[in-house]
Amino acid sequence: MANARDLIHGNLSEVPAPMALSALNNRWGLATAVDFGSDLDVLNYALTLEYLEAAFYQQGNSANLLSGDEKRYLATIQKDEETHVAALTDTIKKLGGKPVAAPGVDFGTSFDNRDNYLKTSHTFENVGVGAYLGAAGFIKDKAILQAAAGIFGVEARHAALVGNLLDLPAEGGVYMGAFEKPVAKDKVLAQVAPFLTQMKGSWPTGGVNTGGGSTASSQGADNTGLLVGGAALVGAAGAAALMARRRASDGADS
Amino acid sequence: MTADRIFEGKPVLEFDTGSSRRKFLKMAGLVGVGATFVAGGAVLTAPTAMADAKMATGTKGDLDILNYALTLEYLEADYYAKGLAAGVLSGRELELITPISDHEKTHVSAVTDAVKAFGGTPVSKPKITYPAGAFDTRESFLKNAAMFEELGVKAYHGQVTLISSGDVLASAAAIAGVESRHAAILAQLTATNPFPAPVEGTLSMDQVLAEVKPLIS
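As a starting point, this report considers the structure included with it. As the structure is a computational prediction, the values presented were derived from the model and not from experiment. (Residues numbered from 1 in each chain as written. Chains lettered and ligands numbered in written order. Predicted model: local features only at pLDDT ≥ 70, side-chain atom pairs only at ≥ 80, totals over all residues. Heavy atoms only, no water.)

## Here we look at the overall build of chain A
Thought 1: Looking only at helices and strands, chain A features 9 helices and 4 strands.
Thought 2: Expressed as a percentage of its 254 residues, the buried residues of chain A come to 54%.
Thought 3: Contacts spanning at least 24 positions in sequence make up 82% of the contacts within chain A whose residues lie at least 6 apart. (Helix = DSSP H or I, 4+ residues; strand = E, 2+ residues; numbered from the N terminus. Buried < 20%, exposed > 50% of the residue type's maximum accessible area, 1.4 Å probe, protein only. Contact = heavy atoms within 4.5 Å.)

Here's what the structure looks like:
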């Protein structure tokens, strides 16, 4: 990513983050300054964040910094994020929208060692928790709300567990108080901006691996999204069962 | 293996009055699957605003859901208070469980305030008794705590589409996320899976009651 140069504008990653973001946000679905105009806007916002997280764990887990339980936990987190990407993408398509492309990413020194990896993970997960809670109030479709809430809860699990792996203080590190706190979009974007770089071709790892080699057929069966069968309500339970099946199919490598 | 039943189905809950018990058991019937959802577009407010929620925005369905949540939070708060008092934990485990106990107490008072703010009457705290030996070992304490947390997470997520008020929804979500954190940590401490699915599962009030009913004496 460090050589992601544009001959006219130079290295975009050297542009102050807010400027870089405003230059790129049309492409990444981060355009509106304050608000979400539709469920699709929220979904594309969530998709951008999930793309970031999925790429983060793909790179981080490839760096072989972990072992034992930690390695297994982070492998599962990666699969969760990849599943979220796939589910959000399919849902956006089913609603007639256009999924945003995966952003270019540069995680800097995050993968230099275990501590850096887990600390950045902890930040991402807590930002994700706040982002979902901050956006939930804009969601109008209750099936989408159910699914978004279900993803939100899983991000909270990730955040707590990684906080504990880091041996952070229980309160303020593992838990963030008795209530989760919503984070507005502009604050979320400010936190993730340092990791976004100029888009350079396709998704860095050549596509989101949702595992099991069954992605294409699953999509053909129209059951990978947050919604199944058009507008029918699938609910988190059904989605969870589906996704658990998907995950079980590639559980052999964890 | 009966590990999927809290206390293996032994009695835990006992209500002060027959009326409280009936109220609890009737909850499922009071909240129909056809409840209208009108939260769309509502801007969620901070949880601290819960008690300030306008009474006019509350509905009968939301009140029933809040009292259902209150009963479950009472159970969790009591469970952790008694468990910590038993002194079977130490070190990092004690550090991790102590805030959970505080959270559940805070949830009880927040949900109580919310019921009042919406013009309802909070359910009274059930009498809760535990099987002998429940808190004799860290294993028993943590194992049942893990089950309570997973049940609580699914109970909250099962109400998401049934809640009418954006304020109630925001508060319930803010609590549910914390329960998810608890569930993950308890799973880790008990060597079970902290991430059982990529999306939280749901249980309807009926299903949660089916789980809890055998525990009510």
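## As for the packing of aromatic side chains
Geometrically, a pair of aromatic rings is defined through the distance of the ring centres and the angle of the planes.
Thought 1: Applying the stated criterion to the full structure yields 22 aromatic pairs over all chains.
Thought 2: A centroid spacing of 5.8 Å and a plane angle of 35 degrees characterise the contact between F107(A) and F195(A), whose relative ring orientation is tilted. One end of the pair, F107(A), is in the loop between β3 (104-105) and α4 (114-136); the other, F195(A), is in the loop between α7 (185-192) and β4 (196-197), with 88 residues separating them in the sequence. By the burial criterion, F107(A) is buried, and F195(A) matches it.
Thought 3: Each ring, one from Y79(B) and one from Y80(B), has its centre 5.8 Å from the other, and the planes form 80 degrees; the classification is edge-to-face. Pair check on accessibility: Y79(B) and Y80(B) agree, each one buried.
Thought 4: Within the aromatic cluster, the residues linked to one another by ring pairs are F56(A), Y57(A), F107(A), F111(A), Y117(A), F124(A) and F195(A). (Phe/Tyr/Trp six-rings, centres within 6.5 Å; stacked < 30°, edge-to-face > 60°.)

## Topic: the interface of chain A and chain B
Thought 1: Contact residues are listed per partner, giving 53 residues for chain A and 47 residues for chain B.
Thought 2: Taken together, both faces of the contact between chain A and chain B bury some 4,100 Å²; the carbon and sulfur share is 64%.
Thought 3: Counting the surface chain A buries against chain B, the share from its top three residues, R157(A), Y175(A) and F179(A), is 21%.
Thought 4: Here chain A is connected to chain B by 4 salt bridges.
Thought 5: Joining chain A to chain B, the criterion identifies 21 residue pairs in polar contact (both at pLDDT 80 or more).
Thought 6: Secondary structure elements with two or more residues in the side of chain A that touches chain B: α3 (68-94), α4, α5 (142-165), α6 (170-174) and α9 (235-249) of chain A. (Buried area = accessible area lost by both parts, 1.4 Å probe. Salt bridge = Lys/Arg side-chain N within 4 Å of Asp/Glu carboxyl O. Polar contact = N/O pair within 3.5 Å; in protein donor to acceptor, adjacent residues only side chain to side chain.)

## Quick look at the packing of helix α2 (residues 39-62) of chain A against α5(A)
Residue and element names in this part refer to chain A.
Thought 1: One can describe the packing of α2 onto α5 by two numbers: an axis separation of 12 Å at closest approach and a directional angle of 25 degrees. Accordingly, the angle class assigned to the pair α2 and α5 is roughly parallel. Relative to α5, the crossing made by α2 is left-handed. Residue-level contacts link D39, L43, E50 and E53 of α2 to I144, I151 and E155 of α5.
Thought 2: The class makeup of the residues in the contact of α2 with α5 is 3 nonpolar, no polar and 4 charged. (Axes fitted to C-alpha atoms, helices over the stretch in contact; angles between N-to-C directions. Parallel < 35°, antiparallel > 145°, perpendicular 65-115°, else oblique. Left-handed = near helix turned anticlockwise from the far one by under 90°. Nonpolar A, V, L, I, M, F, W, Y, C, P; charged D, E, K, R; others polar.)

## As for the pattern of salt bridges
Thought 1: All chains considered together, the criterion is met by 14 salt bridges over all chains.
Thought 2: Between D102(B) and K105(B) there is a salt bridge, with its nearest N and O atoms 3.9 Å apart. Of this pair, D102(B) and K105(B) both sit in helix α3 (residues 91-117), separated by 3 residues, roughly a single helical turn.
Thought 3: Residue D102(B) is classed as partly exposed on the basis of its relative accessible area, which comes to 38%.
Thought 4: Given the relative accessible area of 46%, K105(B) is considered partly exposed.
Thought 5: Among the charged side chains, a network of salt bridges with common partners joins R157(A), E150(B), K154(B) and E200(B).

## Things to note about the side chain of H84(A)
Thought 1: Within the secondary structure layout, H84(A) lies in helix α3.
Thought 2: In this structure H84(A) comes out as buried when scored by relative accessible area, which is 0%.
Thought 3: At a separation of 3.2 Å, a polar atom in the side chain of H84(A) contacts the side chain of E155(A).
Thought 4: Leave out the neighbours within four places in its chain, and H84(A) touches E50(A), I151(A), V154(A), E155(A) and P198(B).

## A few points about the nonpolar core
Thought 1: Core analysis: the biggest nonpolar cluster contains 116 residues, and L74(A), F107(A) and I97(B) have the highest contact counts within it.
Thought 2: The contacts of F107(A), once residues within four sequence positions are left out, are L52(A), A55(A), F56(A), Q59(A), F124(A) and F195(A). (Core = buried A, V, L, I, M, F, W, Y, C linked by side-chain atoms within 4.5 Å.)

## Details of the environment of P194(B)
Thought 1: In this fold, P194(B) is placed in the loop between α5 (166-189) and α6 (205-212).
Thought 2: In the structure, P194(B) is positioned 14 residues away from S180(B) in sequence and 9.3 Å away in space, judged by C-alpha atoms.
Thought 3: Those residues in contact with P194(B), other than ones at most four positions away along the chain, are Y73(A), R157(A), L161(A), A184(B) and A187(B).

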